[in-house]
Amino acid sequence: MAITTVPGAVRAPGRPAPSPPAGPPRSSLGRKVRDNLTGHAFLLGAVLCFAVFSWYPMVRGVVMSFQRTRRGETTWVGWDNYLQILDDPSFWTAWQNTFYFTALALVLGYAVPFFVAILLNEFRHARGYLRILVYLPVMLPPASALFLFKFYAYDPSDAGLFNAILKAFGLPTSQWMQSPEMTMPAMVIASTWMNMGSAVLIYLAALQNIPGELYEAAELDGAGIWRRIMHVTIPQTRLILALLAMLQIVATMQLFIEPLILANGAGAEDSATSVAYLIYQHGFFQNDLNGAAALGVIMLVVLAGFSAVYLRLTARQD
(Lines give C-alpha, C1' and ligand atoms only; values in the text may rest on other atoms or scores of the structure.)
Protein backbone atom coordinates (compact mmCIF):
# COMPACT_ATOMS: atom_id res chain seq x y z
CA MET A 1 0.00 0.00 0.00
CA ALA A 2 1.53 3.34 -1.07
CA ILE A 3 1.78 6.25 1.37
CA THR A 4 0.90 9.65 -0.05
CA THR A 5 2.55 12.71 1.45
CA VAL A 6 0.15 15.60 1.86
CA PRO A 7 1.58 19.12 1.81
CA GLY A 8 1.42 20.74 5.25
CA ALA A 9 1.11 17.42 7.03
CA VAL A 10 2.76 17.02 10.39
CA ARG A 11 6.21 15.38 10.22
CA ALA A 12 6.52 12.07 11.99
CA PRO A 13 8.53 12.20 15.22
CA GLY A 14 12.20 11.31 14.89
CA ARG A 15 12.32 12.01 11.18
CA PRO A 16 14.83 14.78 10.26
CA ALA A 17 13.56 17.85 8.44
CA PRO A 18 14.63 18.19 4.83
CA SER A 19 17.63 20.56 4.47
CA PRO A 20 17.31 23.62 2.18
CA PRO A 21 19.15 23.51 -1.11
CA ALA A 22 22.80 24.53 -0.68
CA GLY A 23 23.90 27.72 -2.48
CA PRO A 24 27.24 28.36 -4.10
CA PRO A 25 30.12 28.04 -1.53
CA ARG A 26 31.67 31.30 -0.35
CA SER A 27 35.43 31.43 -0.28
CA SER A 28 36.75 32.69 3.06
CA LEU A 29 40.21 32.97 1.53
CA GLY A 30 38.99 35.34 -1.16
CA ARG A 31 37.22 37.51 1.43
CA LYS A 32 40.39 37.73 3.53
CA VAL A 33 42.43 38.67 0.46
CA ARG A 34 39.98 41.46 -0.42
CA ASP A 35 40.00 42.80 3.13
CA ASN A 36 43.81 42.79 3.24
CA LEU A 37 44.05 44.50 -0.12
CA THR A 38 41.65 47.21 1.05
CA GLY A 39 43.65 47.80 4.24
CA HIS A 40 46.97 47.90 2.40
CA ALA A 41 45.50 50.30 -0.16
CA PHE A 42 44.65 52.75 2.63
CA LEU A 43 48.16 52.41 4.07
CA LEU A 44 49.86 52.81 0.72
CA GLY A 45 49.43 56.60 0.62
CA ALA A 46 50.99 57.11 4.05
CA VAL A 47 53.85 54.72 3.26
CA LEU A 48 54.59 56.53 -0.01
CA CYS A 49 54.57 59.92 1.73
CA PHE A 50 57.00 58.68 4.37
CA ALA A 51 59.20 57.05 1.76
CA VAL A 52 59.38 60.10 -0.50
CA PHE A 53 59.53 62.89 2.07
CA SER A 54 61.24 61.23 5.08
CA TRP A 55 63.11 58.01 4.37
CA TYR A 56 64.60 58.90 1.00
CA PRO A 57 65.94 62.31 2.15
CA MET A 58 67.51 60.66 5.21
CA VAL A 59 69.23 57.96 3.15
CA ARG A 60 70.24 60.49 0.50
CA GLY A 61 71.67 62.80 3.16
CA VAL A 62 73.81 60.01 4.61
CA VAL A 63 75.13 59.17 1.14
CA MET A 64 75.86 62.83 0.34
CA SER A 65 77.80 63.24 3.58
CA PHE A 66 80.47 60.88 2.20
CA GLN A 67 80.61 62.58 -1.19
CA ARG A 68 81.84 65.85 -2.64
CA THR A 69 80.28 67.54 -5.64
CA ARG A 70 82.32 70.05 -7.62
CA ARG A 71 81.26 71.41 -11.01
CA GLY A 72 78.73 68.66 -11.48
CA GLU A 73 81.15 65.83 -10.69
CA THR A 74 80.55 63.72 -7.58
CA THR A 75 83.37 61.82 -5.90
CA TRP A 76 83.59 59.74 -2.74
CA VAL A 77 85.70 61.43 -0.07
CA GLY A 78 85.01 59.24 2.96
CA TRP A 79 85.15 61.12 6.27
CA ASP A 80 86.60 64.35 4.83
CA ASN A 81 83.33 66.27 5.15
CA TYR A 82 82.99 65.28 8.80
CA LEU A 83 86.59 66.25 9.58
CA GLN A 84 86.07 69.60 7.86
CA ILE A 85 82.93 70.25 9.89
CA LEU A 86 84.66 69.35 13.16
CA ASP A 87 87.47 71.80 12.37
CA ASP A 88 85.00 74.65 11.92
CA PRO A 89 84.94 76.86 15.07
CA SER A 90 81.28 77.67 14.40
CA PHE A 91 80.43 73.99 14.88
CA TRP A 92 81.22 74.01 18.59
CA THR A 93 79.65 77.44 19.08
CA ALA A 94 76.45 76.21 17.43
CA TRP A 95 76.26 73.15 19.68
CA GLN A 96 76.92 75.26 22.76
CA ASN A 97 74.12 77.66 21.82
CA THR A 98 71.77 74.81 20.99
CA PHE A 99 72.32 73.06 24.33
CA TYR A 100 71.95 76.39 26.13
CA PHE A 101 68.64 77.05 24.40
CA THR A 102 67.44 73.51 25.21
CA ALA A 103 68.34 73.91 28.88
CA LEU A 104 66.54 77.26 29.14
CA ALA A 105 63.53 75.81 27.32
CA LEU A 106 63.34 72.95 29.84
CA VAL A 107 63.41 75.41 32.73
CA LEU A 108 60.88 77.84 31.26
CA GLY A 109 59.13 76.37 28.24
CA TYR A 110 58.56 72.98 29.86
CA ALA A 111 57.45 74.10 33.32
CA VAL A 112 55.21 77.03 32.35
CA PRO A 113 52.66 75.03 30.28
CA PHE A 114 52.27 72.50 33.10
CA PHE A 115 51.49 75.13 35.72
CA VAL A 116 49.24 77.03 33.31
CA ALA A 117 47.29 73.79 32.77
CA ILE A 118 46.98 73.30 36.54
CA LEU A 119 45.69 76.86 36.87
CA LEU A 120 43.15 76.47 34.06
CA ASN A 121 41.99 73.16 35.49
CA GLU A 122 40.92 74.97 38.67
CA PHE A 123 38.55 77.30 36.83
CA ARG A 124 34.89 76.32 36.79
CA HIS A 125 33.67 79.09 34.48
CA ALA A 126 34.90 80.34 31.08
CA ARG A 127 37.12 77.27 30.77
CA GLY A 128 36.52 76.96 27.02
CA TYR A 129 37.31 80.64 26.44
CA LEU A 130 40.57 80.37 28.39
CA ARG A 131 41.61 77.30 26.41
CA ILE A 132 41.06 79.16 23.15
CA LEU A 133 43.03 82.11 24.50
CA VAL A 134 45.97 79.89 25.45
CA TYR A 135 45.89 77.96 22.15
CA LEU A 136 45.56 81.07 19.98
CA PRO A 137 49.35 81.63 19.52
CA VAL A 138 49.70 78.10 18.13
CA MET A 139 47.29 78.97 15.32
CA LEU A 140 49.39 81.96 14.27
CA PRO A 141 52.05 81.39 11.60
CA PRO A 142 55.41 81.14 13.43
CA ALA A 143 57.01 83.80 11.22
CA SER A 144 54.20 86.27 11.99
CA ALA A 145 54.46 85.66 15.73
CA LEU A 146 58.24 86.10 15.69
CA PHE A 147 58.05 89.33 13.67
CA LEU A 148 55.54 90.55 16.24
CA PHE A 149 58.08 89.91 19.00
CA LYS A 150 60.96 91.37 17.00
CA PHE A 151 59.39 94.73 16.06
CA TYR A 152 56.95 95.22 18.92
CA ALA A 153 58.01 93.36 22.07
CA TYR A 154 61.79 93.37 21.65
CA ASP A 155 62.21 96.90 20.36
CA PRO A 156 65.39 98.10 22.16
CA SER A 157 63.94 101.60 22.65
CA ASP A 158 61.51 102.57 25.38
CA ALA A 159 58.67 102.08 22.87
CA GLY A 160 59.14 98.30 23.03
CA LEU A 161 56.54 96.39 25.05
CA PHE A 162 58.96 94.62 27.38
CA ASN A 163 61.09 97.71 27.93
CA ALA A 164 57.96 99.71 28.71
CA ILE A 165 56.96 97.13 31.32
CA LEU A 166 60.44 97.15 32.85
CA LYS A 167 60.46 100.95 32.93
CA ALA A 168 57.02 101.03 34.58
CA PHE A 169 58.38 98.91 37.44
CA GLY A 170 61.52 101.02 37.71
CA LEU A 171 63.79 98.27 36.35
CA PRO A 172 66.61 98.80 33.85
CA THR A 173 65.68 98.24 30.21
CA SER A 174 67.43 95.78 27.90
CA GLN A 175 68.69 95.69 24.34
CA TRP A 176 67.15 92.21 23.97
CA MET A 177 68.23 90.76 20.61
CA GLN A 178 71.12 93.24 20.31
CA SER A 179 72.59 91.93 23.57
CA PRO A 180 74.57 88.63 23.48
CA GLU A 181 73.52 87.86 27.05
CA MET A 182 69.79 88.32 26.41
CA THR A 183 69.56 86.71 22.97
CA MET A 184 68.87 83.16 24.16
CA PRO A 185 66.44 84.07 26.98
CA ALA A 186 64.54 86.31 24.57
CA MET A 187 64.23 83.49 22.01
CA VAL A 188 63.06 81.07 24.72
CA ILE A 189 60.34 83.51 25.81
CA ALA A 190 59.10 83.89 22.25
CA SER A 191 59.24 80.15 21.57
CA THR A 192 57.38 79.35 24.79
CA TRP A 193 54.61 81.81 23.99
CA MET A 194 54.22 80.39 20.47
CA ASN A 195 54.21 76.69 21.29
CA MET A 196 52.88 76.17 24.80
CA GLY A 197 49.20 75.96 23.75
CA SER A 198 49.47 72.38 22.51
CA ALA A 199 51.25 71.22 25.66
CA VAL A 200 48.67 72.96 27.85
CA LEU A 201 45.80 71.10 26.17
CA ILE A 202 47.62 67.77 26.55
CA TYR A 203 48.25 68.47 30.22
CA LEU A 204 44.61 69.48 30.73
CA ALA A 205 43.45 66.18 29.26
CA ALA A 206 45.79 64.30 31.60
CA LEU A 207 44.70 66.32 34.65
CA GLN A 208 41.03 65.64 34.02
CA ASN A 209 41.70 61.89 34.13
CA ILE A 210 43.04 62.07 37.69
CA PRO A 211 40.43 60.68 40.13
CA GLY A 212 39.01 63.38 42.35
CA GLU A 213 39.14 61.03 45.33
CA LEU A 214 42.93 61.39 45.43
CA TYR A 215 42.69 65.17 45.89
CA GLU A 216 39.95 64.75 48.51
CA ALA A 217 42.08 62.31 50.46
CA ALA A 218 45.06 64.67 50.26
CA GLU A 219 42.91 67.56 51.52
CA LEU A 220 41.67 65.45 54.44
CA ASP A 221 45.28 64.76 55.33
CA GLY A 222 45.92 68.51 55.44
CA ALA A 223 47.94 68.73 52.21
CA GLY A 224 48.26 72.19 50.71
CA ILE A 225 48.27 73.09 47.05
CA TRP A 226 52.00 72.43 46.59
CA ARG A 227 51.88 69.09 48.38
CA ARG A 228 48.90 68.04 46.26
CA ILE A 229 50.83 68.94 43.12
CA MET A 230 53.95 67.09 44.24
CA HIS A 231 52.27 63.97 45.64
CA VAL A 232 49.16 63.64 43.46
CA THR A 233 49.36 65.65 40.24
CA ILE A 234 52.93 64.93 39.19
CA PRO A 235 52.87 61.16 39.96
CA GLN A 236 49.56 60.76 38.12
CA THR A 237 50.83 62.59 35.03
CA ARG A 238 54.34 61.12 35.09
CA LEU A 239 54.10 59.38 31.72
CA ILE A 240 52.79 62.49 29.95
CA LEU A 241 55.47 64.63 31.59
CA ALA A 242 58.21 62.23 30.49
CA LEU A 243 56.90 62.01 26.93
CA LEU A 244 56.61 65.78 26.51
CA ALA A 245 60.07 66.24 28.03
CA MET A 246 61.57 64.07 25.30
CA LEU A 247 59.57 65.82 22.57
CA GLN A 248 60.60 69.19 24.01
CA ILE A 249 64.30 68.34 23.88
CA VAL A 250 64.12 66.92 20.35
CA ALA A 251 62.18 69.97 19.12
CA THR A 252 64.34 72.61 20.81
CA MET A 253 67.56 71.05 19.55
CA GLN A 254 66.29 71.73 16.02
CA LEU A 255 66.24 75.46 16.74
CA PHE A 256 66.09 77.34 13.44
CA ILE A 257 63.31 79.83 12.80
CA GLU A 258 63.83 81.80 16.02
CA PRO A 259 67.45 82.83 15.29
CA LEU A 260 66.66 83.29 11.60
CA ILE A 261 63.96 85.90 12.25
CA LEU A 262 64.68 87.35 15.68
CA ALA A 263 68.49 87.53 15.43
CA ASN A 264 68.92 87.71 11.64
CA GLY A 265 70.73 84.37 11.78
CA ALA A 266 73.86 84.38 13.90
CA GLY A 267 72.94 87.19 16.27
CA ALA A 268 75.30 89.46 18.16
CA GLU A 269 78.71 87.76 18.52
CA ASP A 270 77.29 84.46 17.19
CA SER A 271 75.11 84.22 20.27
CA ALA A 272 72.14 82.83 18.29
CA THR A 273 73.86 80.42 15.89
CA SER A 274 72.26 76.99 16.21
CA VAL A 275 73.14 73.67 14.61
CA ALA A 276 70.10 73.80 12.33
CA TYR A 277 70.97 77.34 11.24
CA LEU A 278 74.57 76.25 10.61
CA ILE A 279 73.24 73.50 8.31
CA TYR A 280 71.22 76.14 6.47
CA GLN A 281 74.28 78.38 6.23
CA HIS A 282 76.48 75.61 4.79
CA GLY A 283 73.85 74.54 2.28
CA PHE A 284 72.56 77.87 0.97
CA PHE A 285 75.23 80.47 1.69
CA GLN A 286 78.42 78.47 1.26
CA ASN A 287 76.96 76.13 -1.38
CA ASP A 288 78.39 73.19 0.57
CA LEU A 289 75.58 70.66 0.42
CA ASN A 290 77.87 67.81 1.36
CA GLY A 291 79.06 69.57 4.51
CA ALA A 292 75.44 70.40 5.38
CA ALA A 293 74.55 66.72 4.94
CA ALA A 294 77.41 65.68 7.23
CA LEU A 295 76.28 68.14 9.88
CA GLY A 296 72.71 66.86 9.54
CA VAL A 297 73.89 63.28 10.05
CA ILE A 298 75.77 64.34 13.19
CA MET A 299 72.59 65.93 14.55
CA LEU A 300 70.63 62.79 13.64
CA VAL A 301 73.10 60.61 15.56
CA VAL A 302 72.99 62.90 18.61
CA LEU A 303 69.18 62.95 18.71
CA ALA A 304 68.96 59.20 18.11
CA GLY A 305 71.45 58.57 20.92
CA PHE A 306 69.49 60.78 23.29
CA SER A 307 66.22 59.04 22.36
CA ALA A 308 67.80 55.61 22.92
CA VAL A 309 69.08 56.63 26.38
CA TYR A 310 65.69 58.12 27.26
CA LEU A 311 63.82 54.98 26.21
CA ARG A 312 66.26 52.83 28.15
CA LEU A 313 65.80 54.88 31.32
CA THR A 314 62.01 54.99 31.05
CA ALA A 315 61.90 51.22 30.42
CA ARG A 316 63.80 50.62 33.64
CA GLN A 317 61.44 52.89 35.58
CA ASP A 318 58.39 51.05 34.26
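A few points on the structure.

1. Quick notes on the overall build of the chain
- Counting its secondary structure elements, the chain contains 14 helices and two strands.
- The globule rule puts the C-alpha radius of gyration for 318 residues at 20 Å, and the 31 Å found for the chain is more than 25% above it.
- With the principal axes as the frame, the chain shows a C-alpha extent of 120 × 75 × 40 Å.
- Across the 318 residues that make up the chain, the buried fraction comes to 33%.
- Accessible surface, the chain: about 20700 Å² in total, of which carbon and sulfur atoms supply 66%.
- Positive and negative side-chain charges in the chain, numbering 20 and 18 respectively, have mean positions lying 21 Å apart.

2. What about the nonpolar core?
- Membership of the largest hydrophobic core comes to 21 residues, with the highest contact counts inside it found for Tyr 110, Ala 117, Leu 120, Val 200 and Tyr 203.
- Only helix 4 (111–121), helix 5 (127–139), helix 8 (183–207), helix 10 (225–236) and helix 11 (238–252) provide two or more residues apiece to this core.
- Tallying contributions element by element places helix 8 first for this core, with six residues.
- With residues near it in sequence (within four places) discarded, Val 200 still touches Pro 113, Val 116, Ala 117, Leu 120 and Val 134.
- Listed in part, the 20 residues of the second largest apolar core include Phe 162, Met 177, Val 188 and Leu 262.

3. A short note on the packing of aromatic side chains
- What the rule picks out here adds up to 23 aromatic pairs.
- Seen from their ring centres, Phe 149 and Tyr 154 are 5.5 Å apart, and the 50° between their planes marks the pair as tilted.
- Its relative accessible area of 2% is what places Tyr 154 among the buried residues.
- Every member of this aromatic cluster is reached through a ring pair, and the members are Phe 149, Tyr 154, Phe 162, Trp 176 and Trp 193.

4. Brief notes about the environment of Ile 132
- Within the secondary structure, Ile 132 is located in helix 5.
- Residue classification places Ile 132 among the exposed residues on the basis of a relative accessible area of 55%.
- Spatially, the C-alpha atom of Ile 132 lies 9.8 Å from that of Leu 201, the residues being 69 residues apart in sequence.

5. Points about unusual backbone geometry
- In this structure, Trp 176 is a non-glycine residue whose phi angle is positive, near 55°.
- Relative to the helices and strands, Trp 176 resides in the loop between helix 7 (161–168) and helix 8.
- In this structure, Glu 269 is a non-glycine residue whose phi angle is positive, near 55°.
- By secondary structure assignment, the location of Glu 269 is in the loop between helix 12 (257–262) and helix 13 (275–285).
- Owing to a relative accessible area of 70%, Glu 269 belongs among the exposed residues under this scheme.

6. A short note on the packing of helix 6 (residues 142–153) against helix 8
- Between helix 6 and helix 8, the shortest axis-to-axis distance is 10 Å and the interhelical angle comes to 135°. By the criterion of interaxial angle, the relationship of helix 6 to helix 8 is oblique. Taken as a pair, helix 6 and helix 8 cross one another with a handedness that is right-handed. Listed contacts from helix 8 to Pro 142, Ala 145, Leu 146 and Phe 149 of helix 6 are Ile 189, Ala 190, Trp 193 and Met 194.
- Classifying every residue of the contact of helix 6 with helix 8 by side-chain character gives eight nonpolar, no polar and no charged.

7. As for the pattern of salt bridges
- Counted according to the given criterion, the structure contains one salt bridge.
- Residues Lys 167 and Asp 158 are paired through a salt bridge, measuring 3.4 Å at the closest nitrogen-oxygen approach.

8. A closer look at the pairing of strand 2 (residues 73–76)
- Pairing of strand 1 (residues 67–70) with strand 2 involves four bridges; the strand directions are antiparallel. Bridge pairing in strand 2 places Arg 68 opposite Thr 75.
- Adjacent in sequence and paired antiparallel, strand 1 and strand 2 are bridged by two residues, among which Arg 71 carries a positive phi angle near 55°.

9. Some words on the environment of His 282
- One can find His 282 in helix 13.
- Between the C-alpha atom of His 282 and that of Ala 190, which follows or precedes it by 92 residues, the distance is 26 Å.
- Each residue touching His 282, except ones within four places of it in the same chain, is listed here: Ile 85, Asp 88, Asn 287, Asp 288, Leu 289, Ala 292 and Leu 295.

10. What to know about the environment of Val 116
- Assignment of secondary structure puts Val 116 in helix 4.
- Dropping the residues within four chain positions of it, Val 116 is found in contact with Val 134 and Val 200.

11. Some points on the packing of helix 3 (residues 89–109) against helix 4
- Two numbers describe how helix 3 lies on helix 4: the axes approach to 5 Å, and their chain directions differ by 10°. Between helix 3 and helix 4, the angle is such that the two are roughly parallel. Across the interface between the two elements, Leu 106, Val 107, Leu 108 and Gly 109 from helix 3 touch Ala 111, Val 112 and Pro 113 from helix 4.

The rules behind each value
Residues numbered from 1 in each chain as written. Predicted model: local features only at pLDDT ≥ 70, side-chain atom pairs only at ≥ 80, totals over all residues. Heavy atoms only, no water. Helix = DSSP H or I, 4+ residues; strand = E, 2+ residues; numbered from the N terminus. Rg over C-alpha atoms; globule rule 2.2 N^0.38 Å. Buried < 20%, exposed > 50% of the residue type's maximum accessible area, 1.4 Å probe, protein only. Areas by Shrake-Rupley, 256 points an atom, 1.4 Å probe, with all protein chains shown as cover. Lys, Arg positive; Asp, Glu negative; His and termini not counted. Charge placed at Lys NZ, Arg CZ, Asp CG, Glu CD. Core = buried A, V, L, I, M, F, W, Y, C linked by side-chain atoms within 4.5 Å. Contact = heavy atoms within 4.5 Å. Phe/Tyr/Trp six-rings, centres within 6.5 Å; stacked < 30°, edge-to-face > 60°. Axes fitted to C-alpha atoms, helices over the stretch in contact; angles between N-to-C directions. Parallel < 35°, antiparallel > 145°, perpendicular 65-115°, else oblique. Left-handed = near helix turned anticlockwise from the far one by under 90°. Nonpolar A, V, L, I, M, F, W, Y, C, P; charged D, E, K, R; others polar. Salt bridge = Lys/Arg side-chain N within 4 Å of Asp/Glu carboxyl O. Pairing = 2+ DSSP bridges.

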